[in-house]
Amino acid sequence: MELPVGKVVCVGRNYAEHARELNNAVPAEPILFIKPSTALVRMEEPFLIPRGQGDCHVETEMTLLIGETLTRGDDDKVLSAIAGVGLGFDLTLRDLQSRLKEQGHPWEKAKAFDGSCPLSTFVSAEGLSWDDITLQLVRNDQLQQNGNSRDMITPVADLLAYICRYFTLRPGDVVMTGTPAGVGPLVSGDRLEARLDDRLTIKTRVL
Ligand code: ZN
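For clarity, every value in this text was computed on a predicted model and none was experimentally measured.

This next bit is on the sheet that holds strand β9 (residues 134-139). Strand order in this open sheet of four strands is β10-β9-β13-β14, and the pairing throughout is antiparallel. What marks the edges here is a single partner per strand, and that holds for β10 (142-148) and β14 (200-205). Averaged over neighbouring strand pairs, the angle between their axes works out to 10° when direction is ignored. As judged from the six bridges shared by β9 and β10, these two strands associate in the antiparallel manner. Looking at the pairing, L137 lines up with Q145 of β10.

So, in structure tokens, the structure goes:
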């Protein structure tokens, strides 16, 4: 499938262990933010990270490609609107994000900058159990992230229903479902291998 052109709706702290590793409280409701289409790059191709702006963390996430419009009240249609599943990196300028949070400002510059969202190709979700999907990141031959969707605080169907109460999802939009623990800074030359269950393995590198 081609790279989508819509918005990317993301959820923060959807895995309790990841919230804890950043000393964040586990939220009572999903924390949503959006990456614009200018954030999108292909995960399969080597990608750039910003220079001179402190740590740029990688968060490996399962992504959902939306195939049908979902809006407020469409809760019973959310799973059938998923057109494909894939992998995404929610690149985060962590030092900048911490400063913005301290000041009570929005995160956009730290999360939605150009190139902040490498996305893989999407594959069929047929036969996947949404509550049992492994998600892994191997960085320079070391297993750095190893999660399972069963540990999501807000699981896939509930997350989509929650999102579309606030943001209508259109065909071509993407939802990122949150990162398990093990996030950390990237450096130029890193070799990355992201895996979504037995469906998808993407090898890429940081320029
Ligand atoms: Zn994330």
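Coordination sphere of the zinc ion, protein contribution only: E59 (OE), E61 (OE) and D90 (OD), at 2.0 to 2.1 Å. Sequence positions of the residues that donate to the zinc ion give the spacing E-x1-E-x28-D. Taken together, the residues span a long stretch of sequence, with E59 in the loop between β4 (56-58) and β5 (60-66) and D90 in the loop between β6 (82-89) and β7 (92-93) at a distance of 31 residues. Of the residues examined, E59 reaches a relative accessible area of 4% and is grouped as buried. Taking the relative accessible area as the measure of exposure, D90 reaches 1% and is therefore buried.

Given 3.6 residues per helical turn, the α-helix brings residues three or four places apart onto the same face. Among all positions in helix α4 (residues 156-166), only V156, L159, L160, A161, Y162, I163 and C164 are buried. Those residues of α4 that are buried lie in contact with β1 (8-12), β2 (31-35), β5, β6 and β11 (174-176).

This part covers the pattern of salt bridges. Taken as a whole and judged by the stated rule, the model has 11 salt bridges. The partner of K111 in a salt bridge is E59, with the nearest N and O atoms 3.4 Å apart. Placement of K111 in helix α3 (residues 108-111) and of E59 in the loop between β4 and β5 is noted, with a sequence separation of 52 residues between them. As far as the burial class goes, K111 and E59 line up, both buried. One salt bridge connects R150 with D132, and the closest N-O pair in it is separated by 3.1 Å. Taken together, the residues R150 in the loop between β10 and α4 and D132 in the loop between β8 (117-119) and β9 connect sequence positions 18 residues apart. Among the residues examined, R150 registers a relative accessible area of 54% and is labelled exposed. Accessibility expressed as a relative area gives 40% for D132, which makes it partly exposed. Residues participating in the shared-partner salt-bridge network are K35, E59, D90, R94 and K111.

Criteria and thresholds
- Residues numbered from 1 in each chain as written.
- Predicted model: local features only at pLDDT ≥ 70, side-chain atom pairs only at ≥ 80, totals over all residues.
- Heavy atoms only, no water.
- Pairing = 2+ DSSP bridges.
- Helix = DSSP H or I, 4+ residues; strand = E, 2+ residues; numbered from the N terminus.
- Axes fitted to C-alpha atoms, helices over the stretch in contact; angles between N-to-C directions.
- Donors = N, O, S within 2.8 Å, 3.2 Å for Na, K, Ca; no water.
- Buried < 20%, exposed > 50% of the residue type's maximum accessible area, 1.4 Å probe, protein only.
- Contact = heavy atoms within 4.5 Å.
- Salt bridge = Lys/Arg side-chain N within 4 Å of Asp/Glu carboxyl O.

The analysis is restricted to geometry; functional conclusions fall outside its scope.
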